[in-house]
Amino acid sequence: MSIRLGGLSRRSFLRTGAAFGAAAGASGLWRPAHADGHLPDIQTVLDGITVENYVREDYRQLYGMTNDPLWDPAKDWIRTADWEAIRSQFAGTKVRFAIGAADQESAAEGLVPFNQLSGIEVELVPIPDDSIYDKAIAEFISGNASFDALQFFSAWLGDFAAPGFLAPLDEYAAKWKLPLDDFYDTYRLNYGYVNGQLVGIPFDCDLQLVHLRKAIMEEILGGPIDRANSVPTYDELIRITAEANKLGNGVAGLGMIAARGFWATYTWQHIAAQAGMTLFDDQWNPTLNSDAGMKGMEIMLALAQNAIEGIAGAGWGENRAAWLGGQVASNISWQDSGTQAMRPDQSQIVGDFVTIYEPRIPGGLFCPPNIAGSTSVVTSTSPNPEAAFLMLAFLTTSSIMAINEANANGVAPGYRSVLGNERLRAVSQPMEVWANSLEHAWCSPRLPGMFEMEQALGNEINRAITGQISGKEALDNGQAAWVAIMQKNGFAGGEGPISFASVAPGLYVGAGKPLPF
Amino acid sequence: MATARRRSPGLRKAFPYLLLAPAMLYLLAITLYPGLFAIYQSLFVVKFVNWTWTGLGNYRLILQDREFWAALGNTAIIGGISLALQTLIALTLAYFAYRDPLIRGWRIVFLMPMLFMPSAVAFIWKLAFNDGRVISDLLMGLGLVEGNVDWIGSIWLARLTLIVADVWQWTPFLFIIFVAGLQGQDQEIEEAARLDGASWPKIFWNISLPMLRPIMVVAVTLRGIDITTMFTNVFVMTQGAPGGATETMSYFIYRQGFRAFNFGYASAASVLMLILTIVIAQTVVKRAFRSGKS
């Protein structure tokens, strides 16, 4: 899950890099890279990017990880890139990367191998962690952003791309052979492209899933959990969470994210999508209060009855704490809830949970939602956009992404070659369900104003959750707000700053595909 | 013999202003300019770099915005209750403490809640009420409730959490000012009243308190102005939940500006809030001092 307003995932991710930086330093790899040709041997640097050097020792021991790669070296961009050519063109240039202030030191170490491979110097632009997004906006608005590259919440992609804040990356991706095809379609299309133009590289690739506590739910279900069939429908999920709620012992039936703003919207989207909800018709008319939208709302309100206290204020952090702390018997959240639940230093429910295939809704679709996630971009004002692109390509390469997942730091890989790796699946419980579900993923379009729309709708859903208005009123109010916001952002008469045809392929990628179970 | 240098009369007149100029310029740059800029921006629909003139359009929309009025109401309710409680508690504590010699030496202890970082305080209260279930456990231990309390699921409970956090942190501000004000009063007046046979509560109520009134008005007004900008507790503890029942004006403005990117709209709301705060503060102070004179 990518929303780390406090910088948790970013920091954890960079800690991984820092670990390598330290390892590289200890093994004598680290020397300052210079433009004058005194750069270390490329193969030696690449050989150092291994499980042993990157993955935390306690996790390696816990799962008996060997030094065998958790990725496919043939698809790992850093092992296929022409570093000699990169060095010859960019050694000595400087790239500024916006990053949370607390991450500055670890990032500096994590980017050591990139500097050694490319000769490109990375200057970190520290921004206070809690305000990195606000500051980024301010920088963009100033028209002279003080950084070349930035990682941010993918829902903002339309907002940042439409005014021209982001540099097009198609040319660089083609020139440097970025393995875009290895990304699952849902990530490539929704985190990368706006109006058919590549402006982002998927950074943190998430999917929302349903997780169950094994012992509690097996007791209720009367036997072992079958990931596809034990909870085949949302009606069944409502039933078993109600049963779990009665058991007491400080464990509530369900955890879900229903705080104001985009949080509540995400959970509603998750459920309503399974009922066949599409947010818009092909003329960009919002269809929130359709039958499918209402069905999703009814289910969400029913589930809220079985949820832990405080869900009206539960964002990602609160939900994660309740799940990993063992306070809920089931959870609707991102896949990393499952990965992190396996790690004893993060979780109190190790070995007592299972991630299941999305429950279905009669007449709907099987389409687990790709919600949130983060992307990485180059700013249009960057004096060195190509070098900045190369830095992002390094940070998002499949080996680093695989190791992030092994470290359960919340930065998720979006590559087929990584999610299909059996060695990695052994250390990430949700990965099989997650990978199989991705071929059917649902996603909301990244439009200008989308973040504002998600906020407005979520505020209304939150009111419905707390009984201030009905579910119907929430969706009607949300619908009205969306129409107004879309008009403000230039959508009218089926036209807009982003064409429906350009986003349509990414909204649901499962059409015509066989179910994975 | 050295000749004394003389400044021209003009320079002599200007000299104090020249000395003040750097500080004045600095203050103007960080207060007046952003203020004027906000007023200017409030007349536009601002979407990042695109500014479209709308005149008073943002103000018209705001005055029709249910969320704006809700936020204003929440600010008045949460702030009003919090301020009343703080004043009452601070005054009560001051009554018992201001003649105590020990208090003089340990005043700093009473200031401690104010010295903690507001975000850290808010986070601890959030843990106590919601995530950590500490208060629920305490109440269950006392037999007052049977299960975990959903503090954020109820409008009034959610508001209560904000009020408790604010009262805990900021009552010392009023307390210390009240104690200082009381301790600064002429003790001979109290002595005279006591010789006339007045009881301690009567002395406090009829003599000390009226004399404290100007200081109280200023302190409560300052605290009141501060409360109207309540943001940190809301941001950390509730984010305006449930359903906007704890969304204060500051959080509303923040949400409009930095979550919805409606900078012109947010600026207009800020301007309205500023006007409202000035009018209320001015009225309170004026009335208090006028009635004090009479």
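Within any chain, residue numbers begin from 1 and follow the written order of that chain's sequence. Think of it this way: whatever chain is written first is A, whatever ligand is written first is 1, and the rest follow in order. Totals for whole chains, interfaces and linings use all residues, but because this is a predicted model, local features are given only for residues with pLDDT of at least 70 and pairs of side-chain atoms are given and counted only at 80 or more.

## Section: the overall build of chain B
Numbering goes from the N terminus for both helices and strands, where a helix is a DSSP run of H or I of at least four residues and a strand is a run of E of at least two. Across its full length, chain B holds twelve helices and two strands. Counting helices and strands in the order they occur from the N terminus, chain B gives α-β-β-α-α-α-α-α-α-α-α-α-α-α. A compact globule built from 294 residues should have a C-alpha radius of gyration of about 19 Å, whereas chain B, at 25 Å, is more than 25% larger. Summarising its shape, the C-alpha atoms of chain B cover approximately 85 × 70 × 45 Å along the three principal directions. Any residue with 12 or fewer other C-beta atoms within 10 Å of its own C-beta is exposed, any with 20 or more is buried, and the rest are partly exposed; the C-beta atoms used are placed from the backbone. The buried share of chain B, taken over its 294 residues, is 32%. The atom set for the radius of gyration is the C-alpha atoms, and the globule formula is 2.2 Å times the number of residues raised to the power 0.38.

## Notes on the overall build of chain A
Secondary structure assignment for chain A yields 26 helices and ten strands. Relative to the 2.2 N^0.38 estimate, which gives 24 Å for 517 residues, the radius of gyration of chain A is 22 Å and therefore close to what a compact globule would have. With the C-alpha coordinates of chain A rotated into their principal frame, the extents come out at 65 × 55 × 40 Å. Out of the 517 residues in chain A, the part that is buried amounts to 61%. Pairs at least 24 residues apart make up 79% of the contacts formed inside chain A by residues separated by at least 6 positions. Residues are scored as being in contact if the C-beta atoms we place from backbone atoms lie within 7 Å.

## Looking at the pairing of strand E1 (residues 94-100) of chain A
Residue and element names in this part refer to chain A. Taking burial as the measure, the seven residues of E1 include six buried ones, the bulk of the element. In this scheme, strands are said to pair when DSSP sees at least two bridges between them. Sheet topology note: the E1/strand E2 (residues 121-127) ladder contains seven bridges and is parallel. If you follow Ala98 over to E2, its bridge partner there is Val125.

## What to know about the interface of chain A and chain B
Taken together, the contact between chain A and chain B spans 23 residues of the former and 22 residues of the latter. Within the residue set of the side of chain A that touches chain B, elements represented by two or more residues are helix H9 (132-142), helix H17 (316-324) and helix H24 (450-465) of chain A. With five residues, the top contributor of residues to the side of chain A that touches chain B is H24(A). Charged residues are taken to be Asp, Glu, Lys and Arg, nonpolar residues to be Ala, Val, Leu, Ile, Met, Phe, Trp, Tyr, Cys and Pro, and polar residues to be all remaining types, Gly included. Grouping the amino acids of the side of chain A that touches chain B by side-chain chemistry returns seven nonpolar, nine polar and seven charged.

## Observations regarding helix H19 (residues 385-395) of chain A
Turn by turn, an α-helix covers 3.6 residues, leaving residues three or four places apart pointing in a common direction. For H19(A), a buried count of eleven out of eleven residues is recorded, marking the element as mostly surrounded by other parts of the structure. Those residues of H19(A) that sit buried are A:Pro385, A:Glu386, A:Ala387, A:Ala388, A:Phe389, A:Leu390, A:Met391, A:Leu392, A:Ala393, A:Phe394 and A:Leu395.

## Here we look at the sheet that holds strand E9 (residues 353-356) of chain A
All names here are of chain A. Read from one edge of the open sheet, three strands run E8-E7-E9, paired in antiparallel fashion. Edge strands, defined here as strands with exactly one partner in the open sheet, are strand E8 (330-334) and E9. Across this sheet, the average inter-strand angle for adjacent strands is 30°, counted without regard to direction. For helices, the axis comes from a line fit to the C-alpha atoms of the stretch in contact; other axes are also lines fit to C-alpha atoms, and the angle between any two N-to-C directions lies between 0 and 180 degrees.

## So, the packing of helix H5 (residues 118-131) of chain B against helix H7 (residues 155-183) of chain B
Residue and element names in this part refer to chain B. Between H5 and H7, the least distance of the axes is 10 Å, while the angle of their chain directions is 135°. Judged by the angle between their axes, H5 and H7 are oblique. For the element pair H5 and H7, the recorded crossing hand is right-handed. Residue-level contacts link Pro118, Val121, Ala122, Trp125 and Phe129 of H5 to Thr161, Val164, Ala165 and Gln169 of H7. Here the contact of H5 with H7 is built from residues that sort into seven nonpolar, two polar and no charged. What sets the label is the angle itself: under 35 degrees gives roughly parallel, over 145 gives roughly antiparallel, 65 to 115 gives roughly perpendicular, and the rest give oblique. Here a crossing is taken to be left-handed if its near helix is turned anticlockwise relative to the far helix by less than a right angle, and right-handed if that turn runs clockwise.

## Side note on the nonpolar core
Counting residues in hydrophobic clusters, the biggest one holds 221 residues, and the most contacted among them are A:Ala149, A:Ala258, A:Met391 and B:Phe178. It is H7(B) that contributes the most residues to this core, eleven residues altogether. Note that the domain bounds reflect an automated or database-derived domain assignment. Looking at this core, you find at least three residues from each of domain 1 (8-205 + 373-428) and domain 2 (208-369 + 445-507) of chain A. Each nonpolar core consists of buried Ala, Val, Leu, Ile, Met, Phe, Trp, Tyr and Cys residues. Their C-beta atoms, within 7 Å, join them into a set.

## Topic: the packing of helix H15 (residues 262-274) of chain A against helix H16 (residues 291-304) of chain A
Helix-helix packing is characterised by the crossing angle of the two axes and by the distance between the axes. Residues and elements named next belong to chain A. Taken N-terminus to C-terminus, the directions of H15 and H16 make an angle of 115°; their axes are 8 Å apart at the nearest point. The handedness of the crossing between H15 and H16 comes out as right-handed. Counted together, Thr267, Trp268, Ile271 and Ala272 of H15 and Ala292, Gly293, Lys295, Gly296, Met297, Ile299 and Met300 of H16 form the full contact between these two elements.

## Remarks on the confidence of the model for chain B
All names here are of chain B. Looking at chain B, pLDDT values average 90 and 96% of them are 70 or higher. How sure the predictor is of each residue is captured by pLDDT, a score from 0 to 100. Confidence, expressed as mean pLDDT per element, reaches its minimum in chain B at helix H4 (residues 101-115) with 80 and its maximum at helix H2 (residues 57-63) with 96. This prediction of the complex comes with two scores: 0.87 for pTM and 0.81 for ipTM.

## With respect to the environment of A:Phe160
Residue and element names in this part refer to chain A. Within the secondary structure, Phe160 is located in helix H10 (residues 157-161). Measuring from C-alpha to C-alpha, the distance between Phe160 and Val378 comes to 11 Å, with 218 residues separating the pair along the chain. Not counting residues within four places of it along the chain, the set of residues in contact with Phe160 comprises Phe140, Phe165 and Leu166.

## A few points about the domain arrangement of chain A
Residues and elements named next belong to chain A. According to the domain assignment, chain A contains domain 1 (8-205 + 373-428) and domain 2 (208-369 + 445-507). Computed from C-alpha atoms alone, the centre-to-centre distance between domain 1 and domain 2 is 30 Å. Counting from both sides, the interface comprises 20 residues of domain 1 and, opposite them, 21 residues of domain 2. A per-element tally of the side of domain 1 that touches domain 2 places helix H12 (residues 185-192) first, with four residues.

## Examining the confidence of the model for chain A
A low pLDDT means the predicted coordinates there should not be read in detail. Residues of chain A with pLDDT of at least 70 account for 90%, and the chain-wide mean is 90. A low-confidence stretch, residues 2-33 of chain A stays under pLDDT 50, and its non-local contacts, those more than four residues away or across chains, total 85 contacts.

## Some remarks on the pairing of strand E2 (residues 50-53) of chain B
Residues and elements named next belong to chain B. Relative to E2, strand E1 (residues 44-47) runs antiparallel, the two sharing four bridges. Of the residues in E2, the one forming a bridge with Val45 is Thr52. The loop that links E1 with its antiparallel partner E2 comprises two residues; one of these, Phe48, has a positive phi angle of about 55°.

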